[in-house]
Amino acid sequence: EQSFSPDGKVLATVGNDRTVRLWNPERGELLRKPEGHTGATRSVAFSPHGKLLASTSEDETIRIWDAQTGKLLHTLTGHRGFVYSEWLE
């Protein structure tokens, strides 16, 4: 799963290795690698203003990150089972 920031300057990706990665898509450069999930990460999305990033995981959590620094801001719990998201336009 992947998501571009609202300004298109950052690409966020997730995968089975339990990480979120933030890339500069023009240069193919890894910018940040926020870590904290204990299960495979399944989806990622930027907030409309691009300051926050949400990721979901098989660890039954949603994590909210500062998109600029990669700092974990909140861990949301309460789901039973894998957490996924679906983008509808």
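None of the values given here were measured: they were computed from a predicted structure. (Residues numbered from 1 in each chain as written. Predicted model: local features only at pLDDT ≥ 70, side-chain atom pairs only at ≥ 80, totals over all residues. Heavy atoms only, no water.)

### Here's the deal with the overall build of the chain
Item 1. Scanning the chain for helices and strands turns up zero helices and eight strands.
Item 2. Starting at the N terminus and ending at the C terminus, the chain contains elements arranged as β-β-β-β-β-β-β-β.
Item 3. Burial analysis of the chain (89 residues in total) assigns 37% to the buried set.
Item 4. In the form shown here, the chain has an accessible surface area of approximately 5,700 Å², with 49% of it arising from carbon and sulfur atoms. (Helix = DSSP H or I, 4+ residues; strand = E, 2+ residues; numbered from the N terminus. Buried < 20%, exposed > 50% of the residue type's maximum accessible area, 1.4 Å probe, protein only. Areas by Shrake-Rupley, 256 points an atom, 1.4 Å probe, with all protein chains shown as cover.)

### Regarding the confidence of the model for the chain
Low-pLDDT portions of the prediction should not be read for the details of their coordinates.
Item 1. Per-residue confidence for the chain gives a mean pLDDT of 88; residues scoring 70 or more make up 90%.
Item 2. The weakest mean pLDDT in the chain belongs to strand E1 (residues 2-4) at 89; the strongest belongs to strand E4 (residues 29-32) at 96. (pLDDT = per-residue confidence, 0-100.)

### A few points about the side chain of Ser5
Item 1. With respect to the helices and strands, the residue Ser5 is situated in the loop between E1 and strand E2 (11-14).
Item 2. Polar contacts involving the side chain of Ser5 include one to the main-chain amide nitrogen of Lys9, which spans 3.3 Å.
Item 3. If sequence neighbours within four positions are ignored, Ser5 has contacts with Val10 and Phe46. (Polar contact = N/O pair within 3.5 Å; in protein donor to acceptor, adjacent residues only side chain to side chain. Contact = heavy atoms within 4.5 Å.)

### Section: the pattern of salt bridges
Between side chains of opposite charge, pairing is possible as soon as their charged atoms come close.
Item 1. In this structure the tally under the stated criterion is five salt bridges.
Item 2. With a shortest N-O distance of 3.8 Å, Lys33 and Glu35 are connected by a salt bridge.
Item 3. When the shortest N-O distance is used, the salt bridge between Asp59 and Arg63 registers 3.6 Å. (Salt bridge = Lys/Arg side-chain N within 4 Å of Asp/Glu carboxyl O.)

### Considering the sheet that holds strand E7 (residues 62-66)
Item 1. Strands sit in the order E5-E6-E7-E8 across an open sheet of four strands; the sheet is antiparallel. Each having just a single partner strand, strand E5 (41-46) and strand E8 (72-76) make up the two edges of the open sheet. Here the strands of the sheet are splayed against their neighbours by 20 degrees on average, with no regard to which way each runs.
Item 2. Bridge analysis of E7 against E8 gives four bridges, and the strand direction is antiparallel. When the bridges of E8 are listed, Trp65 appears paired with Leu72. (Pairing = 2+ DSSP bridges. Axes fitted to C-alpha atoms, helices over the stretch in contact; angles between N-to-C directions.)

### Considering unusual backbone geometry
Item 1. Phi at Arg18 is positive, roughly 70 degrees, even though this residue is not glycine.
Item 2. Following the sequence through the fold, Arg18 ends up in the loop between E2 and strand E3 (20-24).
Item 3. The phi torsion at Glu60 lies on the positive side, around 70 degrees, for a residue other than glycine.
Item 4. Here Glu60 is to be found in the loop between strand E6 (52-57) and E7.

### Description of the environment of Arg63
Item 1. Turning to its location among the elements, Arg63 is positioned in strand E7.
Item 2. As for Arg63 and Leu76, which are separated by 13 residues in sequence, their C-alpha atoms are 6.1 Å apart.
Item 3. In this structure, Arg63 is in contact with Gly36, His37, Leu53, Ala54, Ser55, Leu72, His74 and Thr75, ignoring residues within four places of it in sequence.

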